[in-house]
Amino acid sequence: MKAARIIKPKEPLIITDIQKPEPKGMQALIKVIASGVCHSDLHLWEGGYAGAAGSFIRVEDRGVKFPLTPGHEIAGIVEKVGEDVNGLRSGDRVLVYPWIGDGLCPACRVGSENICDNPRSLGVYQNGGYAEYLLVPSAKYLVKLDKLKEEEAASLACSGLTAYSAVKNANIKPSEALVIVGAGGLGLIGVQLARSITNSKIIVIDLDDKKLMEAKKLGADYIVNSKSEDPVKAVKELTNGLGADAVIDFVNASSTVSKDLEMLRKRGRLVPVGLFGGSIELPLVSIPLRAIKIIGSYTGRLDDLFDLVTLAERGVIKTIISKRFLLDEVNKALEELKEGKIVGRAIINP
Ligand SMILES: [Zn+2]
Ligand SMILES: [Zn+2]
């Protein structure tokens, strides 16, 4: 079978022929129909993230080993299952939960495999979906699809799940004001989810009027262009001078987080999600004096993905597919994402 693999960071992915795996026990082999191209694939390809003061956090120092087949937003058709699998058979259409843990650490024991001490995520620590077939370690990680097409479902496994988990972590009540920073793919799903599951007052901040108009269409009560107006002042004005009860920052850069902290009201929650990176200077006494909480949110749990697929099947949220690529065009797909040419989600159809 064909797979597109990162051999070394910063070098083009190589399409190679590797052995098609044979599922055993609880394993399942999936024929990949759609594999989303995510920003974190770019981080893998570049070999890391921006750290504090111009430093670089290498993915290899976080346990990633190359060569690697990336791709963690995977939907497809069950090709074959191991002898111990019940309730799933070849031909079933499924979305794969990729944030697999070791099953043994305190997080895994309570179902939060996404924040495992020894993560084994597909497409990050194990081979992922930039390939014709994918071996999933257990059929329990497969969510059956009903009306949703594979390519509509794929990005729910990462961007959708991340947005859903962030909205849950913000713990927002209907009477509260929620600020969403960044109206890209993640932010726009976040707006739809916040609208449907919290019914709070939603303020969206971005630099791009087009994205802001889209956010408004999808359920934002107010939009603020931080290029043309001071976002802190705008949020204070929209909240009777009090500030936001929660801020979900889908960018998470020095420039956005420093503003987030200023616009947060007393007892507010800041949920940093994005992986833009950088660092901020924070007056430490302000944390206890204002009783603010900073809650890091990383993807989501398997049960969250079941909820999310149900919401998508009901049409509560919609993912936007903008471009399709063949497996052979994987480098082009990554280049275009890097250059900001992709609005919504690019999908690889192996
Ligand atoms: Zn674990
Ligand atoms: Zn992702």
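All figures in this text were calculated on a predicted structure; none of them were measured in a lab.

## A word on the environment of His 72
The topology assignment puts His 72 in the loop between β5 (56–58) and β6 (74–81). In sequence terms His 72 and Trp 99 are 27 residues apart; their C-alpha atoms lie 8.3 Å from each other. Residue contacts for His 72: discarding those within four places in its chain leaves Cys 38, Ser 40, Asp 41, Pro 98, Trp 99, Leu 122, Ala 157 and Cys 158. Within the structure, His 72 has its side chain in polar contact with the side chain of Asp 41 (distance 3.4 Å).

## Focus on the sheet that holds strand β10 (residues 177–181)
Pairing between the strands of a sheet comes from backbone hydrogen bonds, and it takes one of two forms, parallel or antiparallel. Spatially, six strands are ordered β12-β11-β10-β13-β14-β15 in an open sheet, and the strand pairing comes out parallel. Each edge of the sheet is formed by a strand with only one pairing partner; in this case those strands are β12 (222–225) and β15 (293–294). Pairing of strand β11 (residues 201–206) with β12 involves four bridges; the strand directions are parallel. Looking at β12, one finds that Ile 203 is bridged to Tyr 222. Sitting on the sheet, helix α8 (residues 254–263) touches β10, β11, β13 (244–249) and β14 (264–272), and the angle it makes with β14 is about 150°.

## Points about the side chain of Ser 165
You can see Ser 165 is positioned in helix α4 (residues 159–170). Note on Ser 165: relative accessible area 8%, which makes it buried. Among the polar contacts listed, one links the side chain of Ser 165 to the backbone oxygen of Thr 299, at a separation of 2.8 Å. Apart from the residues within four sequence positions on either side, Ser 165 is in contact with Ser 297, Thr 299, Gly 300 and Asp 304.

## Quick word on the packing of α4 against helix α10 (residues 302–313)
The interhelical angle for the contact between α4 and α10, taken along N-to-C directions, is 105°, at an axis separation of 10 Å. If you check the angle between α4 and α10, you find them roughly perpendicular. Here Gly 160, Leu 161, Tyr 164, Ser 165 and Lys 168 of α4 come into contact with α10, specifically with Asp 304, Leu 305, Asp 307, Leu 308 and Leu 311. Its residues assigned to classes, the contact of α4 with α10 shows five nonpolar, two polar and three charged.

## Points about the coordination of the zinc ion (ligand 1)
For the zinc ion (ligand 1), every protein donor is listed as Asp 102 (OD), Cys 105 (SG), Cys 108 (SG) and Cys 116 (SG), and the spread of their distances is 2.1 to 2.3 Å. What the four donor atoms of the zinc ion (ligand 1) show is an angle range of 95 to 124° at the metal, which sorts the shape as tetrahedral.

## Points about the packing of helix α1 (residues 39–46) against helix α11 (residues 330–338)
Packed helix pairs are specified by the crossing angle of their axes together with the interaxial distance, meaning the distance between the axes. Direction vectors running N to C along α1 and α11 enclose 105°, while the axes themselves pass 10 Å from each other. As far as their axial angle goes, α11 and α1 are roughly perpendicular. Where α1 approaches α11, its residues His 39, Asp 41, Leu 42, Trp 45 and Glu 46 are matched on the opposing element by Asn 331, Leu 334, Glu 335, Leu 337 and Lys 338. Partitioning the contact of α1 with α11 into residue classes produces four nonpolar, two polar and four charged.

## Describing the pairing of β10
Summarising burial for β10: five of the five residues are buried, a large majority. Side-chain alternation along β10 places Ala 177, Val 179 and Val 181 on one buried face and Leu 178 and Ile 180 on a second face that is also buried. Two strands pair when backbone bridges link them, and β10 and β11 are joined in this way by five bridges, in the parallel orientation. Its bridge partner lying in β11, Val 179 is registered against Ile 203. Crossover β10 to β11 through helix α5 (residues 185–197) is right-handed. Pairing of β10 with β13, which is carried by four bridges, proceeds in the parallel orientation. Looking at β13, one finds that Val 179 is bridged to Val 247.

## Things to note about the domain arrangement of the protein chain
Split by domain assignment, the protein chain resolves into domain 1 (2–158 + 300–349) and domain 2 (161–294). In this complex, domain 1 contributes 22 residues to the contact, which on the side of domain 2 involves 15 residues. Here domain 1 and domain 2 share an interface that buries about 1500 Å² over both sides, 63% of which is from carbon and sulfur atoms. Taken together, domain 1 and domain 2 are joined by one salt bridge. With a closest N to O distance of 2.7 Å, Lys 168 and Asp 304 form a salt bridge. Where domain 1 touches domain 2, the interface holds six residue pairs in polar contact (both at pLDDT 80 or more). Looking at the side of domain 1 that touches domain 2, the elements with two or more residues in it are β4 (48–50) and α10. Per-element tally for the side of domain 1 that touches domain 2: the top contributor is α10, with five residues. Across the side of domain 1 that touches domain 2, the residue classes break down as 14 nonpolar, four polar and four charged.

Conventions used here
- Residues numbered from 1 in each chain as written.
- Chains lettered and ligands numbered in written order.
- Predicted model: local features only at pLDDT ≥ 70, side-chain atom pairs only at ≥ 80, totals over all residues.
- Heavy atoms only, no water.
- Helix = DSSP H or I, 4+ residues; strand = E, 2+ residues; numbered from the N terminus.
- Contact = heavy atoms within 4.5 Å.
- Polar contact = N/O pair within 3.5 Å; in protein donor to acceptor, adjacent residues only side chain to side chain.
- Pairing = 2+ DSSP bridges.
- Axes fitted to C-alpha atoms, helices over the stretch in contact; angles between N-to-C directions.
- Buried < 20%, exposed > 50% of the residue type's maximum accessible area, 1.4 Å probe, protein only.
- Parallel < 35°, antiparallel > 145°, perpendicular 65-115°, else oblique.
- Nonpolar A, V, L, I, M, F, W, Y, C, P; charged D, E, K, R; others polar.
- Donors = N, O, S within 2.8 Å, 3.2 Å for Na, K, Ca; no water.
- Tetrahedral: all angles 85-135°; square planar, octahedral: opposite > 155°, others 65-115°.
- Right-handed = clockwise from strand over helix to strand, strands pointing away.
- Domains from an automatic or database assignment.
- Buried area = accessible area lost by both parts, 1.4 Å probe.
- Salt bridge = Lys/Arg side-chain N within 4 Å of Asp/Glu carboxyl O.

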